[in-house]
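Chain by chain, the residues:
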Amino acid sequence: MKELTRYKELIKEMKAYEYVMNVINWDSNTEAPRGSHERRAEMMAVIGAEYFKRSTSTEYVEVVEYLHQRIQKLDMTTRREIIRAKKALDKVTKIPQEEYIAYQTLLNLTQLVWEDAKHNNDYSSFKTNLAQIIEFNKKFIQYFNKADHPYNVLLDDFEDGMNMDKYDAFFDVLKKELVPFVKQILATKKEFKNPFETEKFPVDRQELFSQHLLDTLQFDRNRGLLKKSVHPFTWNTSPFDVRLTTRYQDDLAFSSIFATIHELGHATYEQQVDSKWANTLLAGGTSMGIHESQSRLYENTFGRSRAFWSYELPKLRKLFPKQLKELSLDDMVLCANKVQASLIRVEADELTYPLHIMVRYDIERMLFSNEITVEELPQKWNQLMQEYLGVTPPNDSLGVLQDVHWSAGLIGYFPTYALGSAYAAQIYYTMKQELDIEAQLSRGKFKKINLWLKKKIHQYGGSKSPEQILLDVTNEPFNPMYYVQYLKEKYTELYLK
Ligand SMILES: [Zn+2]
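Peer 1: Please explain the overall build of the chain as it appears in this structure.
Peer 2: Summing up its helical and strand segments, the chain has 22 helices and 3 strands in all. Relative to a compact globule of 497 residues, whose C-alpha radius of gyration would be 23 Å, the chain shows 23 Å and is just as compact. By principal-axis analysis of the C-alpha atoms, the chain measures approximately 70 × 50 × 50 Å. For the chain, buried positions account for 36% of its 497 residues. Partitioning the contacts of the chain with sequence separation of at least 6, the portion at a separation of at least 24 is 70%.

Peer 1: Mind showing me how you'd approach the environment of Asp-274 here?
Peer 2: Summarising the element assignment, Asp-274 is placed in the loop between α11 (253–271) and α12 (288–302). With 185 residues separating them in the primary sequence, Asp-274 and Gln-459 have C-alpha atoms 4.7 Å apart. Excluding residues that lie within four positions of it along the chain, Asp-274 makes contacts with Gln-459 and Gly-461.

Peer 1: Looking at this model, I keep getting lost on the domain arrangement of the chain. Mind explaining?
Peer 2: The figure often quoted for interface size is the accessible area lost as the parts come together. Here the chain is partitioned into domain 1 (1–94) and domain 2 (148–497). Its C-alpha centre places domain 1 at a distance of 30 Å from the equivalent point of domain 2. Taken together, the contacts link 13 residues of domain 1 with 11 residues of domain 2. At the level of secondary structure, the elements contributing two or more residues to the side of domain 1 that touches domain 2 comprise α1 (2–30) and α4 (76–94).

Peer 1: Help me understand the nonpolar core, please; the structure alone is not making it clear to me.
Peer 2: Nonpolar side chains tend to gather and get buried jointly when the protein is soluble and globular. Of all hydrophobic cores here, the largest spans 88 residues; its most connected members are Leu-264, Met-358, Ala-422, Tyr-423 and Ala-425. Examining the composition of this core, we find that 9 residues originate from one element, helix α16 (residues 353–368), more than from any other. Those residues in contact with Met-358 that sit more than four places away from it in its chain are Phe-171, Leu-174, Lys-175 and Tyr-388. Core analysis: the next-biggest nonpolar cluster, separate from the first, contains 8 residues, Tyr-7, Ile-11, Tyr-60 and Val-64 among them.

Peer 1: Even after reading the chapter, I still don't get the packing of α16 against helix α18 (residues 415–434), so can you show me in this structure?
Peer 2: The geometry of a pair of packed helices is captured by two quantities: the angle between their axes and the separation between those axes. Packing of α16 against α18 leaves a shortest axis separation of 8 Å and a crossing angle of 145 degrees. Judged by the twist between their axes, the crossing of α16 over α18 is left-handed. Residues Tyr-353, Pro-354, Ile-357 and Tyr-361 of α16 form the contact with α18, whose own contacting residues are Pro-415, Tyr-417, Ala-418 and Ser-421. Partitioning the contact of α16 with α18 into residue classes produces 7 nonpolar, 1 polar and no charged.

Peer 1: What exactly am I supposed to notice about the sheet that holds strand β2 (residues 234–238) here?
Peer 2: Each strand in a sheet pairs with another by means of backbone hydrogen bonds, the pair being arranged parallel or else antiparallel. In space, the 3 strands of this open sheet follow the order β1-β3-β2, with mixed pairing throughout. Since the sheet does not close on itself, it has two edges, and those belong to β1 (224–228) and β2, each with one partner. Averaged over all pairs of adjacent strands, the angle between strand axes in this sheet comes to 15 degrees, irrespective of strand direction. Direction of pairing for β2 relative to strand β3 (residues 241–246): antiparallel, over a ladder of 4 bridges. Considered in β3, the bridge of Ser-238 is made with Asp-241. The sheet contacts of α1 involve β1, β2 and β3, and relative to β2 the element is tilted by about 155 degrees.

Quick notes on the rules
Residues numbered from 1 in each chain as written. Predicted model: local features only at pLDDT ≥ 70, side-chain atom pairs only at ≥ 80, totals over all residues. Helix = DSSP H or I, 4+ residues; strand = E, 2+ residues; numbered from the N terminus. Rg over C-alpha atoms; globule rule 2.2 N^0.38 Å. Buried ≥ 20, exposed ≤ 12 C-beta atoms within 10 Å, placed from the backbone. Contact = placed C-beta atoms within 7 Å. Domains from an automatic or database assignment. Core = buried A, V, L, I, M, F, W, Y, C linked by C-beta atoms within 7 Å. Axes fitted to C-alpha atoms, helices over the stretch in contact; angles between N-to-C directions. Left-handed = near helix turned anticlockwise from the far one by under 90°. Nonpolar A, V, L, I, M, F, W, Y, C, P; charged D, E, K, R; others polar. Pairing = 2+ DSSP bridges.

What follows is the structure, encoded as structure tokens:
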């Protein structure tokens, strides 16, 4: 089909523009001096406009429409790609341009409004913008999907195949099983030595340990690198260039260690995607949920395990002999898995984390079902925090204003974080049957673990849907009970025995 050949050529050209914009973004998030901001924005605007022109050109639209109408004639992978292309196209072409621009302007403005509101603990100065963002989203959804519940459209946007029914079932299990279990764990008031909360850990030594982690986890430095940034993230343009960042603060050594391992999970996924997808829309990890499942598998399941630290604690102690002199392996594992009913999501531990997500899911769901107004948000937030975690935020900065997501128009995104952890647990139980994970971790070996994940998940990139991946790997559709089982087994062992 000559249209398919032309489609591939057009995508390759757009990929080149994406490449340039990505490299500039990496630079601006890591190395670029502050003073370069305006000049960069000016140059980026030119490149961005060119990219937009190409991605909405008459030729491209016609080719995608042509292929979409003949989708049955395409092979399964190309079909998946064309569906993605059409979905993305609908979003830019069906929304009237002036509304789209007005929305982007609103988001830009809201960023600063939210920052000030959070800083001044002033929800009332933020709520009008938030209401406008929600209204825009409701309106936009009408343009390309009138039939479905608006929140379903947003949920599916962030995780292929997900909707309220599926998430409701998932969070209902968590409410029933985890809320009481968390209360039981918190009631133990377990005490242990925690030098990570009392000692200072010089940053230069933390950097050495992060570099050592790259080697332990077998990160390919020939196709990637590690830098620092305020907020850790993973960046890539293809499997040939995968970069990650972490942050260092001398009173937050734990934060750098686990941020590094978390981002290494994302980065390993990206490095192991088959390069044959690089010039297609199926490049990179398949969804937010599956991506997060990989980072959390590495960070929480492997990186916070006893087996892992039995190998790594002596190495960490060599770098920090004074700080860690008296820390036993038992206490180290407890430090890495300390349970706390915290107010802030990004500081939450593995066990309480999904409860923070539940608060956000409930609120988004109610907002898009018109069961609550932005006016009532802070009160609802506090009530749910009390219900799930047993704590009430003393102010909105530590409550409803804490996350950047809503101000950036990211609604329907939060649930993928919890879903990722639940996917990870389901994958873990299959992996455990086929591989002696503990034996690998206790010898600091990641080769077999990485290979297993490459073979089962990573190599496919976006060519399989999240549902398909889970089914192929675990022989079962998504089942949240693995997550509950995983958390209960782990935290019973640590806190109740
Ligand atoms: Zn992540």
